[in-house]
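Read off the chains here:
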Amino acid sequence: MSKRAQRKIEHIQHALATGQQRTNGFDDITFVHQSLPNLSIAEIDLSTKVGELTLSSPLFINAMTGGGGEDTVIINEALSKAAKNANIAVAVGSQMSAIKDKSERPSYEIIRKVNKEGIIFGNLGSEATVEQAKIAVDMIQANALQIHLNVVQELVMPEGDRDFSGALSRIEQIVKGVDVPVIVKEVGFGMNREVAAKLKEVGVTAVDVGGFGGTNFSKIENMRRRKMLKFFDQWGISTTASIAEVSSLKRIPVIGSGGIQDALDIAKAIALGASSVGVAGYLLKVFIDKGYEHLEQEINQMIEELTIVMSALGSRTIQELQYAPLIISGKTHHWLTERSIDTKEYSNRKIR
């Protein structure tokens, strides 16, 4: 097994070992109860749009793995099958492994082999070239391409990158060079509105905030170091603050991710401004600990319970849920206030 493939397996093992802390900010968000929702649960429509993409549900399985040999083939096969059966989108982990080592292609190709008609997101890092991006898209016939930003992870990673110059320019060239929408995502440290604005300017379709509070890649990489850089373990912008901050631009579709574990988290992410919501580490743990049947049950339960939450809020559509009134408290309120974002816009609005 190559060093890169071994690293992929270590990432999975350490992700499961470190788990997810409840530090993503969702406990700071409370919906304003609606005693007269005036709708039937049968009226709920979960379809949503992310730029040019139309999704049957806001929930999708976010990027996790690939390139780690047979173990990652098994994981991606299960994730793809679950996505197909639930009719939701699914993303692969970084495909650079398969670009540099063709023997790793099956761990990514299995996604499209299992899910021939589904919405699938490819994935590469911001170091990728246009040619590599085209290869990644073709490899799985991707409907969109995620470009991930993971500066902190790379800095903590013993063998990680140390030069991050030119990333925005490379992203712009990829946007111009591929025929599918490009989504830029953080990997657990959150995104601010200034970065999102720059990405919008170069033509990026949507941003995935990848907020702090889910899988912690600083902790994961620190487990692979002799001398830990522990100051990065608590580094980042929470998921809730990231979604609200980027959404305040009102210029680019937002995908919420970062420690999301249930339907209420999904609903809160959407009400903060997300058009769709990615779940990754939580579903990986369900699959590894309990098996495929429980993975499928968990996804179906999330979707069903999201319709229940929307019914209670009187929100027939995802677009209406984005206007459900809510109260922001705690650290999220403090962050947004310091960043000059008026939280009262959330608490005093009405569903259209």
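The name recorded for the protein in an unreviewed UniProt entry is Isopentenyl-diphosphate delta-isomerase, from Metabacillus litoralis. Listed under Function (unreviewed entry) in UniProt, the entry text for the protein is "Involved in the biosynthesis of isoprenoids. Catalyzes the 1,3-allylic rearrangement of the homoallylic substrate isopentenyl (IPP) to its allylic isomer, dimethylallyl diphosphate (DMAPP)." What UniProt records for the protein under Sequence similarities (unreviewed entry) is the sentence "Belongs to the IPP isomerase type 2 family."

Chemist: How do you make sense of the UniProt feature "binding site: Mg(2+)" (unreviewed entry) in the protein when you look at a structure like this?
Modeler: Under the present numbering, the feature "binding site: Mg(2+)" (unreviewed entry) in UniProt falls on Glu-154. Position of Glu-154 among the secondary structure elements: in helix α6 (residues 151-156). Its relative accessible area of 11% is what places Glu-154 among the buried residues. Leave out the neighbours within four places in its chain, and Glu-154 touches Gly-160, Asp-161, Arg-162 and Phe-164.

Chemist: Would you mind going over the UniProt feature "binding site: substrate" (unreviewed entry) in the protein with me for this structure?
Modeler: Per the UniProt annotation, the sites labelled "binding site: substrate" (unreviewed entry) are Arg-7, Lys-8 and Gln-153. The class for Gln-153 is buried, based on a relative accessible area of 6%.

Chemist: Looking at this structure, how should I read the environment of Ser-103?
Modeler: Along the polypeptide, Ser-103 turns up in the loop between α3 (96-100) and α4 (106-114). A relative accessible area of 54% means that Ser-103 is categorised as exposed. As for Ser-103 and Ser-218, which are separated by 115 residues in sequence, their C-alpha atoms are 29 Å apart. Looking at Ser-103, its side chain comes within polar contact range of the side chain of Asp-101, at 2.7 Å.

Calculation criteria
Counting restarts for each chain: residues are numbered from 1 in the order of the written sequence. In keeping with the model being predicted, local features are shown solely for residues with a pLDDT of at least 70 and side-chain atom pairs are shown and tallied solely at 80 or more, while totals for entire chains, interfaces and linings include all residues. Side-chain numbers here rest on the full set of heavy atoms in the structure, without hydrogens or water. UniProt positions are given in the numbering used here, feature names are shortened, and annotations may be inferred rather than shown by experiment. Under the DSSP-based scheme used, a helix requires at least four consecutive residues in state H or I and a strand at least two consecutive residues in state E, with every element numbered from the N terminus. Burial classes: relative accessible area under 20% of the type maximum marks a residue as buried, over 50% as exposed, and values in between as partly exposed (1.4 Å probe, protein chains only). Here, residues are in contact when the closest pair of their heavy atoms is within 4.5 Å. Pairing of N or O atoms within 3.5 Å defines a polar contact, subject to two protein rules: one partner must be a possible hydrogen donor and the other a possible acceptor, and residues neighboring in sequence count only if both atoms are side-chain atoms.

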